[in-house]
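# Per-entry structural report
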Amino acid sequence: MVALGAGIAAITGIGAGIGIGIATSRAVDAVARQPEADGKIMRNLLLGCALAEATAIYGMVVAILIIVMLNSGS
């Protein structure tokens, strides 16, 4: 049961990967359409990717905490 809970918490990595992929494709499309806005687009892309990656890291931390806390209580 502990592994199931940790697995569900780790699924947040999938959402972050999909989000970063979509954001990157849209940023590349935006730069192709408007090359002069390259700096603004990349800055916003990096900020968005960092926030999406933070979500994945939180999910990983929760999964590790579930495993450690529930296994140490036994």
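Presented here is a report on the structure given in the accompanying data block.

Conventions used here
- Residues numbered from 1 in each chain as written.
- Predicted model: local features only at pLDDT ≥ 70, side-chain atom pairs only at ≥ 80, totals over all residues.
- Heavy atoms only, no water.
- Helix = DSSP H or I, 4+ residues; strand = E, 2+ residues; numbered from the N terminus.
- Rg over C-alpha atoms; globule rule 2.2 N^0.38 Å.
- Buried < 20%, exposed > 50% of the residue type's maximum accessible area, 1.4 Å probe, protein only.
- Axes fitted to C-alpha atoms, helices over the stretch in contact; angles between N-to-C directions.
- Parallel < 35°, antiparallel > 145°, perpendicular 65-115°, else oblique.
- Left-handed = near helix turned anticlockwise from the far one by under 90°.
- Contact = heavy atoms within 4.5 Å.
- Nonpolar A, V, L, I, M, F, W, Y, C, P; charged D, E, K, R; others polar.

## Here we look at the overall build of the protein
In terms of helices and strands, the protein carries 3 helices and 0 strands. For the protein, the N- to C-terminal ordering of α and β elements is α-α-α. Relative to the 2.2 N^0.38 estimate, which gives 11 Å for 74 residues, the radius of gyration of the protein is 17 Å and therefore markedly larger than a compact globule would have. Projecting the C-alpha coordinates of the protein onto the three principal axes gives extents of approximately 60 × 15 × 5 Å. Counting over 74 residues, the protein shows a buried share of 18%.

## Some words on the packing of helix α1 (residues 2-10) against helix α3 (residues 38-72)
Close contact between α1 and α3 brings their axes to 7 Å; oriented N to C, the two are set at 170°. Taken together, α1 and α3 sit at an angle that is classed as roughly antiparallel. Of the two elements, α1 crosses α3, and the hand of that crossing is right-handed. On α3, the residues that touch V2, G5, A6, A9 and A10 of α1 are G59, V62, A63, I66, I67, L70 and N71. In terms of residue class, the contact of α1 with α3 is built from 9 nonpolar, 3 polar and no charged.

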